[in-house]
Amino acid sequence: MAGRNSNDKAAWITELIRDWVNTSPENTLRNKAGDRAWDDPLVGFSCGDDAYWESFREHVGPYHWTPAEAFMLAFPNGNVSPERLTVVSWVLPQTGATKLDTRKEKTYPPESWARARFYGEAVNEKLRMHVVAELAKAGIRAAAPVLLPQWSRMPSEKFTFASKWSERHAAFVSGLGTFGLSDGLITPRGKAMRTGSVVAELEIPATPRPYKGHQDYCLWFSHKTCKKCVARCPVHALSEKGHDKIVCSKHVHDTCKAYIVERFGFEGYACGLCQTAVPCESGIPSPGEGK
Ligand code: SF4
Ligand code: SF4
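Residues numbered from 1 in each chain as written. Chains lettered and ligands numbered in written order. Predicted model: local features only at pLDDT ≥ 70, side-chain atom pairs only at ≥ 80, totals over all residues.

Trainee: Please explain the overall build of the protein chain as it appears in this structure.
Mentor: From N to C terminus, the protein chain includes nine helices and ten strands. Here the C-alpha coordinates of the protein chain stretch approximately 55 × 45 × 35 Å along the principal axes. Counting all 291 residues of the protein chain, 45% fall into the buried class. Expressed as a percentage of contacts within the protein chain between residues at least 6 apart in sequence, the contacts between residues at least 24 apart total 71%. (Helix = DSSP H or I, 4+ residues; strand = E, 2+ residues; numbered from the N terminus. Buried ≥ 20, exposed ≤ 12 C-beta atoms within 10 Å, placed from the backbone. Contact = placed C-beta atoms within 7 Å.)

Trainee: Sorry if this is basic, but what is going on with helix α4 (residues 96–103) here?
Mentor: Counting along an α-helix, one turn takes 3.6 residues, and residues three or four places apart therefore face a common direction. Thr98, Lys99 and Thr102 are the residues of α4 that are buried. Across the axial projection of α4, the buried residues extend over an arc of 95°, all falling on one side. The inward-facing, buried residues of α4 abut α5 (111–137). (Arc of directions from axis to C-beta.)

Trainee: What should I look at first to understand the environment of Val123 in this one?
Mentor: Take Val123: it is sitting in helix α5. When the 24 C-beta atoms within 10 Å are taken as the criterion, Val123 is described as buried. C-alpha separation for the pair Val123 and Trp38, spaced 85 residues apart in sequence, amounts to 8.7 Å. Setting aside residues no more than four positions away along its own chain, Val123 makes contact with Glu26, Asn27, Ala37 and Trp38.

Trainee: Please clarify how the site of ligand 1 should be interpreted in this entry.
Mentor: Taken together, 14 residues are adjacent to ligand 1, and Gly180, Cys218, Cys226, Cys229 and Cys280 come closest. Listing elements by their share of the shell around ligand 1, those giving two or more residues are α7 (219–223) and α8 (228–232). Of the residues assigned to the shell around ligand 1, the class counts are ten nonpolar, two polar and two charged. (Near = placed C-beta within 6 Å. Nonpolar A, V, L, I, M, F, W, Y, C, P; charged D, E, K, R; others polar.)

Trainee: Would you mind going over the nonpolar core with me for this structure?
Mentor: Side chains of a nonpolar character, in soluble globular proteins, are inclined to be buried together. In terms of nonpolar packing, the biggest core is built from 67 residues, with Val198 and Val199 touching the most fellow members. Looking at this core, the element that brings in the most residues is α5, giving eight residues. Once residues lying within four places of it in the same chain are set aside, the contact partners of Val198 are Val88, Arg128, Val131, Val132, Ala142, Ala143 and Ala144. (Core = buried A, V, L, I, M, F, W, Y, C linked by C-beta atoms within 7 Å.)

Trainee: It is not clear to me how the pairing of strand β1 (residues 42–47) should be interpreted in this structure. Could you clarify?
Mentor: One face of the sheet, then the other: side chains in a regular strand alternate in exactly this way. Counting buried residues in β1 gives six out of six residues, a clear majority hidden from the surface. In β1, alternate side chains face the same way, and those of Leu42, Gly44 and Ser46 on one face and Val43, Phe45 and Cys47 on the other are all buried. With six bridges connecting them, β1 and strand β2 (residues 86–93) associate as antiparallel partners. Bridging from a neighbouring strand, Ser46 pairs with Val87 of β2. (Pairing = 2+ DSSP bridges.)

Trainee: Any chance you could explain the site of ligand 2 here in plain terms?
Mentor: Inspection of the region around ligand 2 gives 14 residues, with Cys233, Cys248, Cys271, Leu273 and Cys274 positioned closest. For the shell around ligand 2, the leading source of residues is helix α9 (residues 245–264), giving three residues. Tallied by class, residues from the shell around ligand 2 come to nine nonpolar, four polar and one charged.

Trainee: Is there a simple way to think about the sheet that holds β1 in this case?
Mentor: What links the strands of a sheet is backbone hydrogen bonding, and the strands pair in either a parallel or an antiparallel sense. Taken in spatial order, the four strands make up an open sheet running β1-β2-β8-β3, and their pairing is antiparallel. The sheet terminates laterally at β1 and β3 (142–143), the two strands that pair on one side only. Sheet strands in contact with helix α1 (residues 6–23) are β1 and β2, and its direction is about 145° off that of β1. (Axes fitted to C-alpha atoms, helices over the stretch in contact; angles between N-to-C directions.)

Below, the structure is given as structure tokens:
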């Protein structure tokens, strides 16, 4: 790392993530065909002292960590100032094959989507560990907040459930997308994706956020059109008012889980229908797609 300027560091970390996702045999749905779990990722960076982190205490919950708090839990003996930290965030897009399978479904997820939610999140965990390890090899301290033993989901007055570190909020701050009516993050590769992040002790210029508001890319919030995700939900958990997480969770964690165990033979849970066959599935939707 010595001698690299901040643009070189950004390019190095971006390639490190892309290379692992695009070439590692770990990126697999663990099905017979050995299909890959995730497509070519997007990577963004944000500063540890971005004003949004403090605002999440109000908008998400008082328990939501700032990058410095997460970092200090991982490295309790080292003092670090927020401006010396960078959040590295990534988007792992669903593959074309998984999206094609899921578009056809009306009630339950297909096997590929269920595998992406279950085994694909295990891939995301390995990616977090890989990034932390590669940074450590270069002498840079880093930690993945959601892998810290102190991380947990939390009850939330506003959102029903939230957590001490939200990967989607980290991606939003890191210039990777804005929230949609169904709560998913709409990114340049769409909403059918998962996100991950690490907090690292290095200074990299923040990725520009090409949006002003946190819901700019959603056609419902920007043009009062679309609502196609509402029609996709088999249990009416979505409406103009947003996402009923209790109804959604019951479908995902009870009904779909039982279906996945019986039909596909593993203990996963998933749904994802509102992330496919909608204008924001694979990119930022244009106003004409909302009609
Ligand atoms: S389907 Fe339409 S209304 Fe729903 S999140 Fe996407 S853009 Fe917004
Ligand atoms: S994940 Fe499934 S149950 Fe939940 S809101 Fe989306 S379509 Fe509805």
